[in-house]
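Below, each chain spelled out in residue letters.
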Amino acid sequence: MAEIKLILLDFDGTLVDTRNANAEAYIEALGEVGIHLTKEEYLKHYFGVRCMEFMRMVGLTDSKAIAELRRRKIELYPKYFNSVRQNSALWDWCKMMRAQGAKVYIVSTGHRDNINNVMRYLNIESGIDRVITGDDIERPKPYPDCFLKAINEVGVAIDETIIFEDSKVGLEAAKASGANYVRITTF
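Below you will find a few notes about this structure. (Residues numbered from 1 in each chain as written. Predicted model: local features only at pLDDT ≥ 70, side-chain atom pairs only at ≥ 80, totals over all residues. Heavy atoms only, no water.)

1. Regarding the overall build of the protein chain
Counting its secondary structure elements, the protein chain contains eight helices and seven strands. Over its C-alpha atoms the protein chain spans a radius of gyration of 17 Å, differing by no more than 12% from the 16 Å that the globule rule assigns to 187 residues. The C-alpha extent of the protein chain, read off along each of the three principal axes, is 55 × 30 × 25 Å. Taking all 187 residues of the protein chain together, 48% fall into the buried category. Contacts in the protein chain between residues at least 24 apart in sequence constitute 70% of all its contacts with a sequence separation of at least 6. When the accessible surface of the protein chain is totalled, it reaches about 9400 Å², and 48% of it is carbon and sulfur. Mean positive and mean negative side-chain charge positions of the protein chain (25 and 27 charges, respectively) differ by 0 Å. (Helix = DSSP H or I, 4+ residues; strand = E, 2+ residues; numbered from the N terminus. Rg over C-alpha atoms; globule rule 2.2 N^0.38 Å. Buried < 20%, exposed > 50% of the residue type's maximum accessible area, 1.4 Å probe, protein only. Contact = heavy atoms within 4.5 Å. Areas by Shrake-Rupley, 256 points an atom, 1.4 Å probe, with all protein chains shown as cover. Lys, Arg positive; Asp, Glu negative; His and termini not counted. Charge placed at Lys NZ, Arg CZ, Asp CG, Glu CD.)

2. Re the layout of surface pockets
The calculated volume of the largest pocket comes to roughly 670 Å³. Elements that contribute at least two residues to the lining of the largest pocket include exactly helix H1 (19-32), helix H3 (51-57), helix H4 (63-76) and helix H6 (112-122). The leading source of residues in the lining of the largest pocket is H3, at five residues. For the lining of the largest pocket, the residue count by class is 13 nonpolar, eight polar and 10 charged. Empty space within the second largest pocket amounts to approximately 220 Å³. The wall of the second largest pocket is formed by Gly-13, Asp-17, Arg-19, Phe-47, Arg-85, Asp-166, Ser-167, Arg-183, Ile-184, Thr-185, Thr-186 and Phe-187. In terms of residue class, the lining of the second largest pocket is made up of three nonpolar, four polar and five charged. (1 Å grid on protein atoms, 1.4 Å probe; cavity = no way out; pocket = protein on both sides within 12 Å on 5 of 7 lines; lining within 4 Å. Points joined across faces, edges and corners; volume = space filled by probe spheres on them. Nonpolar A, V, L, I, M, F, W, Y, C, P; charged D, E, K, R; others polar.)

3. Digging into H1
Taking 1.5 Å per residue as the helical rise, H1 with its 14 residues ought to reach 20 Å, and the 20 Å between its terminal C-alpha atoms agrees with that figure. Looking at the buried side of H1, the elements it contacts are helix H2 (39-45), H3 and H4. Phi for Gly-34, located one or two positions after H1, is positive at around 85 degrees. (Expected span 1.5 Å × (residues − 1).)

And the structure:
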């Protein structure tokens, strides 16, 4: 195996367990517009689904209403950060690799504001070289575009890259990129 020069981390479910915080913020925001979900329903059917698709799945189609609900969810999200847990083992390894010269990127379909807020809360933003979100690419996971963008941006070879992912679509994208990848199941 080649020397690792680039570490690509999915955020939600891989580096940070945000399931409960996301569920609670979405449930509260949706409740304000008359859409009621339980935490169990959200976690089973919607966690990890891109926002626009999730909104359509719960019956919202108006772009203004979706934008307002998304803004409100981002506003409510920090209220639930006490339930956020960091994958300490993975983060410690990334810090060690970064000290040896590797770059560490977050590559997520999550919203940039949500990711930045959680990173600030956990005080880890200085350990991340760059964040790439679905807003930075045309085709989201399961397409490998987000990973390939990072690899090309840093200018490393595929075999000098390792990807950490937890979701089915993320793992499909990692595999399609040709890079080495690790499936994170729990932490």
